Amino acid sequence: MSIIRFRFLIPAAIVTLILTVMCIITALLLFEQQSAMTGVLRENVTSRRAAVDLEECLYDISTLLRHDVDQVSPLNDRLVGHLKRLREVADQPEERDASQKLEEGLDRYLQAWKKIPPRNDAAHREGVLDAVESLEKNLIKPCQSFRLYNGRRIEESTVQHESVLGRLAWGM
């Protein structure tokens, strides 16, 4: 009688062990997928945040210059810092290209900024408007493109993340 019990118990134990191992492997694989997707989503959100911070600084400078506030040197310094941060988070080829365009745009804007004549000069207002035009053309538009690109990547990552979570739910 005891031999009969072991005859059924041993295969049941082996099947149980195999199923347990398969469940653990499945859970680990799904967790790894979910972790990878979370990393991609986090990177995209970080890149977009850097672009939003840069864009906000650009709009502040533009608004101040348009309203005859010439003391934007501290904001210009922050602009350099925001662009540095944007370069650090740019990991996609499109982001690196946009980052390069923004660097070149910053150089052009700073050149235009340095050419602004003193406030008592008749050409001062025209110099300020040239700097604003350079800022908007060479920095704001590429920054918007960078932000929109990352917005699309966030949407794509979210869809993929939801898919992984669906598989995770079914896998459990």
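Check the entry above for the structure.
Residues numbered from 1 in each chain as written. Predicted model: local features only at pLDDT ≥ 70, side-chain atom pairs only at ≥ 80, totals over all residues. Heavy atoms only, no water.

A.B. asks: I'm lost on the nonpolar core in this one. Help?
C.D. replies: The tendency in soluble globular proteins is for nonpolar side chains to be buried as a group. Counting residues in hydrophobic clusters, the biggest one holds 29 residues, and the most contacted among them are I61, L79 and Y109. For this core, the elements supplying multiple residues, two or more each, are α1 (2-66), α2 (73-89), α3 (93-114) and α4 (124-171). No other element matches α4, which puts 8 residues into this core. Each residue touching L79, except ones within four places of it in the same chain, is listed here: L54, C57, L58, I61, L106, Y109 and L139. (Core = buried A, V, L, I, M, F, W, Y, C linked by side-chain atoms within 4.5 Å. Buried < 20%, exposed > 50% of the residue type's maximum accessible area, 1.4 Å probe, protein only. Helix = DSSP H or I, 4+ residues; strand = E, 2+ residues; numbered from the N terminus. Contact = heavy atoms within 4.5 Å.)

A.B. asks: Even after reading the chapter, I still don't get the side chain of E55, so can you show me in this structure?
C.D. replies: For E55, the position within the fold is in helix α1. Excluding anything up to four places from it in sequence, E55 contacts C143, Q144 and R147.

A.B. asks: For this particular structure, what's the right way to read the pattern of salt bridges?
C.D. replies: When the charged atoms of two side chains with opposite charge come close together, those side chains can pair. Taken as a whole, this structure holds 7 salt bridges when the rule is applied. With a closest N to O distance of 2.9 Å, R66 and E136 form a salt bridge. With a gap of 70 residues between them, R66 in helix α1 and E136 in helix α4 connect regions that are remote in the sequence. When its relative accessible area of 26% is taken as the criterion, E136 is described as partly exposed. E88 is paired through a salt bridge with K84; the nearest N and O atoms lie 4.0 Å apart. Here K84 and E88 lie together in helix α2, a separation of 4 residues that amounts to about one turn. Of the residues examined, E88 reaches a relative accessible area of 51% and is grouped as exposed. (Salt bridge = Lys/Arg side-chain N within 4 Å of Asp/Glu carboxyl O.)

A.B. asks: Help me understand the environment of D91, please; the structure alone is not making it clear to me.
C.D. replies: Here D91 lies in the loop between α2 and α3. When its relative accessible area of 34% is taken as the criterion, D91 is described as partly exposed. Along the primary structure D91 and R66 are separated by 25 residues, whereas in three dimensions their C-alpha atoms are 34 Å apart. Non-local contacts of D91, meaning those with residues more than four positions away in its chain, are made with E43 and R96.

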